[in-house]
Structure formats: C-alpha cells, structure tokens
Amino acid sequence: MYIIAGLGNPGKDYKNTRHNIGFDVIDVIAEKNRIDVSTIKHKALIGKGMIGSEKVILVKPQTFMNLSGESLIDVCQYYKIDIESELIVIYDDIALDVGAIRVRKNGSAGGHNGMKSIIQHLSTENFMRIRMGVGEKPKGYDLADYVLGHFTQDERKLEDAAALDALNAVEIILNDGADKAMNLYNKKKTVN
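What you see is a predicted model, and the numbers here were worked out from it, not measured in a lab.

Asker: Mind showing me how you'd approach the pattern of salt bridges here?
Answerer: Side chains that differ in sign of charge can pair as their charged atoms come close. Per the counting criterion, the structure on display carries nine salt bridges. Residue Asp 24 pairs with Arg 156 through a salt bridge whose shortest N-O separation is 3.1 Å. Pair noted here: Asp 24 is in helix α1 (residues 21-33) and Arg 156 is in helix α6 (residues 153-176), with a separation of 132 residues, a long-range link. Here Arg 131 makes a salt bridge to Asp 93, at a shortest N to O gap of 2.5 Å. With Arg 131 in strand β7 (residues 128-133) and Asp 93 in strand β5 (residues 87-93), the pair connects residues that are 38 residues apart, well separated along the chain. For the pair formed by Arg 131 and Asp 93, the shared burial category is buried. What emerges from the salt-bridge pattern is a single network uniting Asp 24, Arg 156 and Asp 160.

So this is what it looks like as structure tokens:
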C-alpha cells in the first residue's frame, strides 16, 4: 500500500494558488483512477483506491501547509506503512521553473515549511517526494504573497502539463520504482 499526499492549504481562498499544486496533482490522480477524496480522517481529506494493482490512500492534509506533518504522521501510523518505501509527498518548489518536476527518494525540506513539518513529525528525510516547480519569486515580492498567488494563464497550462507528468511519475514509482521515475523526470529540459 502507498500513501500519496499532496500538500496545500484548505479553503477556497487558496484554490489554484502556487502553494496548492500538491492538492491539484492529487485531484488529477483521483480523477484518472476514480478515487473519491472526500473522507475526513487524520486531519485530512483522504480517498482509498487502486492505481493499477497497487492499493493507495490519497491524502490532502487540512491542517494548513505549515502543520502538514501532524496529518501525515497520523495517516502513516494508522496504516502502518514503511515511510521510506511507501510514502510519496507532492509539493510546490520555488527552486524549479514553472512546469518542471523532480522526483527524489530523500532530501531536506529546502526551506519549505510543509516539508519541515513532515520531516519533524516523521523523524526522517528518507521518503519519496515529487517537487513541482512554481518558479522563483520575482525580486521585491514577499515569499508568502508569491506562493499564495495564482498562476498566470500561461503558467497554468504548464502546471496542468506538469500535473500529468507527476501522475505518470507516481505510476512509474508504483510499477517500476523511484529510480526509473528519477531517470525520466530529473533531466534538464533543453530549449531548441
């Protein structure tokens, strides 16, 4: 069984913001695999289902981003998963260009408060994650204002394509392992 968690903030004020790209990816995964993510449990919206032959729990923590670890520790302990091999966390990353994704098997929080909370609560940095590029904040912008801002129309198109890439990366992780997903999605894109 895998737990696939997308990070974001609850409530309509945060819908479609850069910080909520993790929620957006969970929605794409849920729609493709006909998983209803509406059960309120473990301080999260969760949905149980199958992706191919694998049982999955899709999770959208409802604790607000900076407290995401409170929800995920509950979910991981309840389902008794192996955090290193059965947890995938999807979240926004300002260090990556809009539309880029990166798959990792471990790593630091990189300044992301949601990831800091998760690492603190799980007591490990060793779990899979898919980082969704939302672009670097422009000079003079407040970081919170930037990540809580909305994508432009052009950025939204890139993010919609990236969400499909993330869906494919999840399927590859489940079927063939994280290394194969990393080999496919961690290459620098060249501009022709």
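Once the structure has been displayed, the description carries forward.
Asker: Would you mind showing me how to read the pairing of strand β3 (residues 44-51) here?
Answerer: Each regular strand displays side chains that alternate between the two surfaces of the sheet. The buried fraction of β3 amounts to six of the eight residues, a majority that puts the element mostly inside the structure. As defined by bridge partners, strand β2 (residues 39-41) adjoins β3 across three bridges and the pair is classed as antiparallel. Bridge pairing in β3 links Thr 39 to Ile 46. Once β2 ends, the chain turns through two residues before running back antiparallel as β3, passing His 42 with a positive phi of about 60°. Relative to strand β4 (residues 54-61), β3 runs antiparallel, the two sharing eight bridges. Within β4, the residue paired with Ile 46 across the bridge is Val 59.

Asker: So what exactly am I meant to see when it comes to the sheet that holds β5 here?
Answerer: In sheet architecture, strand pairing relies on hydrogen bonds along the backbone and comes in two forms, parallel and antiparallel. Strand order in this open sheet of seven strands is β2-β3-β4-β1-β5-β7-β6, and the pairing throughout is mixed. The open sheet terminates on both sides in strands that have one partner only, identified here as β2 and β6 (101-104). Across the sheet, the axes of successive neighbouring strands diverge by a mean angle of 25°, strand direction being ignored. In the sheet, β6 pairs with β7 via four bridges, with the strands oriented antiparallel. Note that in β7 the partner of Arg 104 across the bridge is Arg 129.

What counts and how
- Residues numbered from 1 in each chain as written.
- Predicted model: local features only at pLDDT ≥ 70, side-chain atom pairs only at ≥ 80, totals over all residues.
- Heavy atoms only, no water.
- Salt bridge = Lys/Arg side-chain N within 4 Å of Asp/Glu carboxyl O.
- Helix = DSSP H or I, 4+ residues; strand = E, 2+ residues; numbered from the N terminus.
- Buried < 20%, exposed > 50% of the residue type's maximum accessible area, 1.4 Å probe, protein only.
- Pairing = 2+ DSSP bridges.
- Axes fitted to C-alpha atoms, helices over the stretch in contact; angles between N-to-C directions.

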